[in-house]
Amino acid sequence: MVLNRVCYAFVVLSICCSLSAYSQKDSSFHFGGKIGVIPSDITTINKDFAANLSESVRFQTISSPNGSVGTHIADFSGFRDFLDKKFPLVYQELTKELIDSFSLLYTWKGQNPKLEPVLLIAHQDVVPIDTGTAKLWIESPFSGTIKDGYVWGRGSMDDKVSVLGILEAIEALLKKGYKPQRSIYIAFGHDEECSGTGAAAMSALLKSRGLHFQYILDEGGGIVDDVIPYVRQPIALVGIAEKGYLTLQLDVKEAGGHSSMPLDEGVVGILGKAIYRLEDHPFHTRITTPVRQMFRQLGRYMPGINGFIAMHPDFFSGILRKQLSAYPITNSLIQTTIAPTMMSSGVQENMMPASAKMTINFRILPGETVQSVMARVKWIIHDKRIAISVLEEAWNPSKLASIKSKSYKVLRHSIEEVFPKTGVAPTLNVSISDSRNYSKLSNNILHFVPIVMKQGDSDRIHGVNERLSVSNYKNCIIFYYHFIVNSDLEL
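Since the model is a prediction, treat every value here as computed from it, not as a measurement. All residue numbers refer to positions counted from 1 along the written sequence of the respective chain. Residue-level local features of this predicted model are given only where pLDDT is at least 70; pairs of side-chain atoms are given and counted only at 80 or more, and the full residue set underlies all totals for whole chains, interfaces and linings. Hydrogens and water molecules were not included; the side-chain quantities draw on all heavy atoms of the structure.

Visitor: I'd like a rundown of the environment of E416, residues and numbers included.
Guide: Here E416 lies in helix α14 (residues 406-418). C-alpha separation for the pair E416 and F479, spaced 63 residues apart in sequence, amounts to 9.6 Å. Secondary structure elements follow DSSP: runs of H or I no shorter than four residues count as helices, runs of E no shorter than two count as strands, and numbering proceeds from the N terminus.

Below, the structure is given as structure tokens:
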């Protein structure tokens, strides 16, 4: 989930500026006027929804690289059986396929085959617990304890909230006898946290069937409350684009020797100079379209000069870029970032190593590509002794979803129905998600998880004391309920 890397971006802003009518045959889904209205108190939601999320957390669905689930096969299998048991109507009415051993693909056939389907994405897997922080957890990280109005544990926010929330909403709709007009597909990958193979396998299958989606909804954004200075209302951040991803490995092989007679320049020094040159020549900062649109929209919720500056990001681009670049968390919104992450060399303290390697991760800003980043890296390092190779699969920045599209309007409308005092603004996702595997299947991929984040909550994602309030989770279910129904509306 990327919200923890984005929500603080807006703190810096303070520094910068000190349906046409629709009727469903079931009277429960009658919409009058131009905007559909769905009762916020949906009586068909399972009263045990919080207990279901709690139980889901107890399955330690920790993924491993290359599509493996390592020693957690029983947890993934048990989680799958748990879903079948807790959502019997989903199990009976939807088609479920097991893809790549553990990923789950559901199909809810619509009544009108002429309408393009929609795809909802979430992931079953969670990140492991850092053993060094185990004692800092208030409740055991896989206990799923319900205490003080919260469901505690790994996955409660990222991303079993979406898996369970989507299924709870569909189960409630099925109890009402609801039948969607357009088909709805649900893809629950099993290895998103380690960039595995589950989503790619499901995407390939959907593509082989000739499917193209009206829009796709994946994780990424959320609702920030009391986070953005000068904004007195919560803001729903909707990711409309995603940065690219590239990991390079630098290798050097030279003569070694005894440390008492060191070489003028050893392999460690060669790599050290390369990293220095890269960090001394960062990529240029730019205000890209999603960030520009974000500021313009935020300006509507800010009074006075603050709102004026936010609504004119091109005119104040220099000021904004200077201030945003001063903070790593906000700099990621305006720059292709360079992050040396791993280095290995040597076997003994009194030996000059004969080889060394370093791994560098890049998050690529829209407007640049994997190829342009590699070309710049080679130009900056300019050292034939260093071999540069791509370590993992690389991804260019995603396509931009239009804020004027039906998909964005449906999402914004659904947010405004369930969270009526919340503003909506687009943003750029600085991390990658499973949706990158589906980029050829839709022109509109949106990123949003309907949970409210207050100060400090974002640190819990992949961190200590992950938790979600019961009331927050209920609104999450209601949102998916609205979103599915609104997908049939013409806004």
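Visitor: Kindly report on the pattern of salt bridges, identifying the contributing residues and their values.
Guide: In what follows, salt bridge is the name for a side-chain nitrogen of Lys or Arg lying within 4 Å of a carboxyl oxygen of Asp or Glu. With the rule as written, the count across this model stands at 14 salt bridges. Of the charged contacts in the structure, one is a salt bridge between R292 and D314, with a shortest N-O distance of 2.7 Å. Placement of the pair is R292 in helix α9 (residues 289-299) and D314 in the loop between α10 (304-310) and α11 (317-324), with a sequence separation of 22 residues. The buried label goes to any residue with under 20% of its type's maximum accessible area, the exposed label to any with over 50%, and the partly exposed label to all in between, with areas taken from a 1.4 Å probe on protein chains only. Taking the relative accessible area as the measure of exposure, R292 reaches 19% and is therefore buried. In this structure, R460 engages D457 in a salt bridge whose closest nitrogen and oxygen atoms are separated by 3.5 Å. Overall, the relative accessible area of 17% leaves R460 in the buried class.

Visitor: Quick rundown of empty space enclosed by the protein? Include the residues and the values.
Guide: Any residue with an atom within 4 Å of a point lines the site, the site being either a cavity, points on a 1 Å grid over the protein atoms alone where a 1.4 Å probe fits but cannot get out, or a pocket, an open set with protein on both sides within 12 Å along at least 5 of 7 lines. Grid points are joined across faces, edges and corners, and a volume is the space filled by probe spheres set on the points. Of the volumes computed, that of the largest cavity is approximately 40 Å³. Every residue lining the largest cavity is listed: L120, I121, A122, D159, S162, I166, L217, D218, E219, F448, V449 and Y480. Of all the secondary structure elements, the ones that give two or more residues to the lining of the largest cavity are β5 (118-123), α6 (160-175) and β9 (215-218). In terms of residue count, β5 provides more of the lining of the largest cavity than any other element does, three residues in total. Ten residue types, Ala, Val, Leu, Ile, Met, Phe, Trp, Tyr, Cys and Pro, are classed as nonpolar, four, Asp, Glu, Lys and Arg, as charged, and the remainder, Gly among them, as polar. When its residues are assigned to classes, the lining of the largest cavity shows eight nonpolar, one polar and three charged.

Visitor: Could you give me a rundown of the environment of V452, with the residues and numbers involved?
Guide: Looking at where V452 falls in the secondary structure, it is placed in strand β20 (residues 452-453). For V452, a relative accessible area of 23% puts it in the partly exposed group. C-alpha of V452 to C-alpha of Q335: the two residues are 117 residues apart in sequence and 27 Å apart in space. If we skip the residues at most four places from it in the chain, V452 touches I223, D225, F419, D457 and N472. Residue contacts follow a heavy-atom distance rule, with two residues in contact if any of their heavy atoms lie within 4.5 Å.

Visitor: Let's hear about the sheet that holds strand β6 (residues 146-147): which residues, and what values?
Guide: Reading across the sheet, the three strands line up as β6-β7-β21 and stay open at both edges, with antiparallel pairing between neighbours. Each edge of the open sheet carries a strand with a single partner, namely β6 and β21 (467-469). By the bridge criterion, three bridges tie strand β7 (residues 150-152) to β21 in an arrangement that is antiparallel. For W152, the partnering residue across the bridge sits in β21 and is R467. Any two strands with at least two DSSP bridges between them are considered paired.

Visitor: Give me the layout of surface pockets: which residues, what numbers.
Guide: Of the volumes computed, that of the largest pocket is approximately 1,300 Å³. In terms of lining, the largest pocket is formed by 47 residues, of which the most central are E193, S195, Y245, R363 and I432. Of all the secondary-structure elements, those providing two or more residues to the lining of the largest pocket are α7 (198-208), β12 (244-253), α12 (328-331), β14 (337-345) and β16 (355-364). Broken down by element, the lining of the largest pocket gets its largest block of residues, five residues, from β14. Per-class residue counts for the lining of the largest pocket are 20 nonpolar, 17 polar and ten charged. One number sums up the size of the second largest pocket: a volume of about 250 Å³. Along the walls of the second largest pocket sit 19 residues, with P397, S398, K399, R436 and S439 positioned nearest its centre. Breaking the lining of the second largest pocket down by element, the ones donating at least two residues are β11 (235-242) and β19 (445-447). Per-element tally for the lining of the second largest pocket: the top contributor is β11, with three residues. A class-by-class count of the residues in the lining of the second largest pocket yields six nonpolar, nine polar and four charged.

Visitor: Report on helix α13 (residues 370-381), specifying residues and quantitative values.
Guide: For α13, spanning twelve residues, the distance from its first C-alpha to its last is 17 Å, which sits close to the expected 16 Å at 1.5 Å a residue. If you check which residues of α13 are buried, you get V370, V373, M374, V377, I380 and I381. End-on, the buried residues of α13 take up no more than an arc of 130°, which puts them together on one face. Among the exposed residues of α13, those oriented more than 90 degrees off its buried face are Q371 and W379. Looking one or two residues beyond α13, the residue adopting positive phi is H382, at roughly 50°. For a helix, the expected span equals 1.5 Å multiplied by the number of residues minus one. Taken from the helix axis, the directions to the C-beta atoms give the arc we talk about.

Visitor: Summarise the confidence of the model for the protein chain; cite the residues concerned and give the values.
Guide: A low pLDDT score tells you not to read the predicted coordinates there in detail. As a per-residue quantity, pLDDT reports the predictor's confidence and falls between 0 and 100. Per-residue pLDDT for the protein chain has a mean of 89; in total, 91% of the residues score no lower than 70. Segment residues 2-37: pLDDT under 50, and 103 contacts once partners within four positions in sequence are set aside and those in other chains are kept.

Visitor: So what about the nonpolar core? Which residues, and what values?
Guide: Here, the term nonpolar core denotes a set of buried Ala, Val, Leu, Ile, Met, Phe, Trp, Tyr and Cys residues that are joined through side-chain atoms within 4.5 Å. With 65 residues, the main nonpolar core has L83 and F479 as its most contacted residues. Setting aside residues no more than four positions away along its own chain, L83 makes contact with L104, Y106, V163, L164 and L167. Ranked by size, the runner-up nonpolar core spans 23 residues in total, among them L248, L250, L271 and I360.

Visitor: Please give an account of the packing of helix α3 (residues 49-57) against α6 that cites residues and values.
Guide: Relative orientation of the contacting elements α3 and α6 amounts to 140°, with a least axis distance of 10 Å. With respect to α6, the axis of α3 lies oblique. Judged by the sense of rotation from one axis to the other, the crossing of α3 with α6 is right-handed. Across the interface between the two elements, F49, N52, L53, S56 and V57 from α3 touch K160, V161, L164 and E168 from α6. When the residues that make up the contact of α3 with α6 are grouped by side-chain class, the tally is five nonpolar, two polar and two charged. For every element, the axis is a line fit to its C-alpha atoms; helices are fit only across the contacting stretch, and the angle between N-to-C directions ranges from 0 to 180 degrees. Put simply, angles under 35 degrees are roughly parallel, angles over 145 are roughly antiparallel, angles from 65 to 115 are roughly perpendicular, and the rest are oblique. Should the near helix be turned anticlockwise from the far one by less than a right angle, the crossing is termed left-handed; should it be turned clockwise, right-handed.

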